[in-house]
Amino acid sequence: MPVTTAPTGYSRPQIALHWLVFALIAQQYLFKDAMSAAWDRVTDGLEAGFDPLVLAHVAGGALVLIFALWRLTLRARHGVPPAIEANKLQGILAKLTHVGLYALMILMPLSGSVAWFGRVETAAQGHNVLKIALLALIALHVVGALYHQFLLRDGTLARMRRAQG
């Protein structure tokens, strides 16, 4: 059942999932070299062998997908606070950034799974292109949050630190 009035802040689960996904995505980038090396071995016709960092990458991607879908479910059921917009253009940019982030948090694990488990080179290439787009949107998201925190001083960032009604 969708919410009829927007909450004044994010719930504890929404905040926890936001920061868990942040940590998982950071881990995906920090330890991607093991996955790249394993992929190179596989595409050379060699056995990938067991590597805990590869397992962490695969499991981390699965968790990002699960948590993104959970976050979307929470958004639909409980709503989110209204955006704090400095102007119309920034509001549109914020909405497009969030839609893009959610889309990539779903598409990246799917493309990675098709590449790894299906051994589909095109999916691996797409996964690498999406990786660049995700980094760009994360950078835009962080810049936006810092802009709101330090230039506008409008309390936007505080809503992702403390649960509110």
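Residues numbered from 1 in each chain as written. Predicted model: local features only at pLDDT ≥ 70, side-chain atom pairs only at ≥ 80, totals over all residues. Heavy atoms only, no water.

This part covers the nonpolar core. Membership of the largest hydrophobic core comes to 16 residues, with the highest contact counts inside it found for Val21, Ile25, Val64, Phe67, Leu101, Met105 and Leu134. In this structure, Leu101 is in contact with Leu134, Leu137, Ile138 and His141, ignoring residues within four places of it in sequence. Counting residues in each nonpolar core, the second largest holds 11 residues, with Ala34, Trp39, Val54 and Ala123 among its members. (Core = buried A, V, L, I, M, F, W, Y, C linked by side-chain atoms within 4.5 Å. Buried < 20%, exposed > 50% of the residue type's maximum accessible area, 1.4 Å probe, protein only. Contact = heavy atoms within 4.5 Å.)

Before going further, it helps to spend a moment on the confidence of the model for the protein. A low pLDDT score tells you not to read the predicted coordinates there in detail. The share of residues in the protein with pLDDT of 70 or more is 97%, and the mean pLDDT across the chain is 93. Averaged pLDDT values for the elements of the protein fall to 95 in helix H2 (residues 32-43) and rise to 97 in helix H3 (residues 52-78). (pLDDT = per-residue confidence, 0-100. Helix = DSSP H or I, 4+ residues; strand = E, 2+ residues; numbered from the N terminus.)

Among the surface-exposed residues, Leu30, Phe31 and Leu53 lie close enough to one another that they form a single nonpolar patch of about 300 Å² accessible area. Topologically, Leu30 is positioned in helix H1 (residues 12-30). (Patch = residues over 30% accessible without salt bridge, like charges linked within 9 Å, V, L, I, M, F, W, Y side chains within 5 Å. Areas by Shrake-Rupley, 256 points an atom, 1.4 Å probe, with all protein chains shown as cover. Salt bridge = Lys/Arg side-chain N within 4 Å of Asp/Glu carboxyl O.)

Glancing now at the packing of H3 against helix H4 (residues 88-118). Two elements in contact, H3 and H4, have axes whose closest approach is 9 Å; the angle formed by their N-to-C orientations is 145°. The way H3 lies across H4 gives a crossing that is left-handed. Contact residues: H3 offers Val54, Val58, Gly61, Val64, Leu65, Ala68, Leu69, Arg71, Leu72 and Arg75, while H4 offers Tyr102, Met105, Ile106, Pro109, Leu110, Trp116 and Phe117. A breakdown of the residues in the contact of H3 with H4 according to their chemical character gives 14 nonpolar, 1 polar and 2 charged. (Axes fitted to C-alpha atoms, helices over the stretch in contact; angles between N-to-C directions. Left-handed = near helix turned anticlockwise from the far one by under 90°. Nonpolar A, V, L, I, M, F, W, Y, C, P; charged D, E, K, R; others polar.)

With that out of the way, let us pick up the packing of aromatic side chains. Throughout the structure, instances matching the rule amount to 2 aromatic pairs. Look at Trp19 and Phe22: their rings are 5.8 Å apart centre to centre, the planes differ by 80°, and that puts the pair in the edge-to-face class. With Trp19 and Phe22 both in helix H1 and 3 residues apart, the pair spans about one turn of that helix. Residue Phe22 is classed as partly exposed on the basis of its relative accessible area, which comes to 48%. (Phe/Tyr/Trp six-rings, centres within 6.5 Å; stacked < 30°, edge-to-face > 60°.)

The next thing to look at is the layout of surface pockets. Empty space among the atoms can be located by rolling a probe the size of a water molecule over them. The calculated volume of the largest pocket comes to roughly 1400 Å³. Residue assignment for the lining of the largest pocket shows that the elements contributing at least two residues are H1, H3, H4 and helix H5 (121-152). If one sorts the elements of the lining of the largest pocket by residue count, H5 sits on top with 12 residues. Here the lining of the largest pocket is built from residues that sort into 30 nonpolar, 10 polar and 5 charged. Along the walls of the second largest pocket sit 26 residues, with Met35, His57, Met108, Gly112 and His127 positioned nearest its centre. Taken together, the elements giving at least two residues each to the lining of the second largest pocket come down to H1, H2, H3, H4 and H5. Looking at the lining of the second largest pocket, the element that brings in the most residues is H4, giving 9 residues. Along the lines of polarity and charge, the residues of the lining of the second largest pocket split into 16 nonpolar, 8 polar and 2 charged. (1 Å grid on protein atoms, 1.4 Å probe; cavity = no way out; pocket = protein on both sides within 12 Å on 5 of 7 lines; lining within 4 Å. Points joined across faces, edges and corners; volume = space filled by probe spheres on them.)

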